[in-house]
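Next come the chains, spelled out residue by residue.
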Amino acid sequence: ANSHQAAVERDLRAALEKPEPSLLRGALVLARLDMPELEVDAYEERIGRLAGEFVATLGPDPAAVPPADRLVKLNDFFFRENGFHGARFDYGNRANSRLPEVLDDREGIPIMLCMLYMEIGRRGGLDLVGLPRPGHFVVGLRPAPDGPLTVIDVFDGGVTLDEPQTAALPPASPRDMIFRMLNN
């Protein structure tokens, strides 16, 4: 058991210590604590295919689609077409905190849904960041390089929140998000 945990810790450090830390890989490696047989690469590929399906909805020139329109398409794709939703009735179930099971069940806690939403949306050119509110993780979208963040509650179906104080929070780094996932 200790060698398994040591291997997970080593792989987690490797994912997070790169110049561009991989939150996706980190979250999948973290799931290996409870799912030792998990094929991390297979889930990375699966999420890549899902992101590719989203990018395809943006048409031949995704960069030409304004960020607000891309956000509408992301919400349609993520929530309506793929059925992702917040775990409301069995919130504390550990499956809601493990990325592979969130992907399989389409249900999860806020930080896991946010992480997956960010991963898919970023591949569609959206500047998305995680915002660590106390007790409830949300996503920020920066529609313009110097513009204010739009705060999105992924757990609540992608609703936009009017929360200037949340938009002013510093975005969470991949390392911050992994530590928060570990604490969950």
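Draft legend 1. Just the environment of Pro171, in detail. Examined against the element boundaries, Pro171 turns out to sit in the loop between α7 (164–167) and α8 (174–183). The class for Pro171 is partly exposed, based on a relative accessible area of 40%. Taking the C-alpha atoms as reference points, Pro171 and Arg70, separated by 101 residues in sequence, lie 21 Å from one another. Once you skip the residues sitting within four places of it in the chain, Pro171 turns out to touch Val129, Gly130 and Leu131.

Draft legend 2. Main features of the packing of aromatic side chains. Summed over the entire model, instances satisfying the criterion amount to five aromatic pairs. Here Phe54 and Phe77 contribute two aromatic rings whose centre-to-centre distance is 5.8 Å and whose plane-to-plane angle is 50°, an arrangement assigned as tilted. Of the two residues, Phe54 sits in helix α3 (residues 40–57) while Phe77 sits in helix α4 (residues 67–81), which places them 23 residues apart along the sequence. As far as burial versus exposure is concerned, Phe54 and Phe77 are alike and both buried. Taking the centre distance of 5.0 Å and the plane angle of 85° together, the rings of Phe78 and Phe79 count as edge-to-face.

Draft legend 3. The pattern of salt bridges, seen in detail. Under the criterion given, the structure shown has twelve salt bridges. Across the pair Arg25 and Asp41 runs a salt bridge whose closest N-O atoms are separated by 2.9 Å. Here Arg25, found in helix α2 (residues 23–31), pairs with Asp41, found in helix α3; they are 16 residues apart in sequence, far enough to count as distant. Among the residues examined, Asp41 registers a relative accessible area of 45% and is labelled partly exposed. Salt-bridge contacts for Asp104 lead to Arg46; the nearest nitrogen and oxygen are separated by 2.6 Å. Taken together, the residues span a long stretch of sequence, with Asp104 in helix α5 (residues 99–105) and Arg46 in helix α3 at a distance of 58 residues.

How each quantity is defined
Residues numbered from 1 in each chain as written. Predicted model: local features only at pLDDT ≥ 70, side-chain atom pairs only at ≥ 80, totals over all residues. Heavy atoms only, no water. Helix = DSSP H or I, 4+ residues; strand = E, 2+ residues; numbered from the N terminus. Buried < 20%, exposed > 50% of the residue type's maximum accessible area, 1.4 Å probe, protein only. Contact = heavy atoms within 4.5 Å. Phe/Tyr/Trp six-rings, centres within 6.5 Å; stacked < 30°, edge-to-face > 60°. Salt bridge = Lys/Arg side-chain N within 4 Å of Asp/Glu carboxyl O.

Read these as spatial facts, not as claims about activity.
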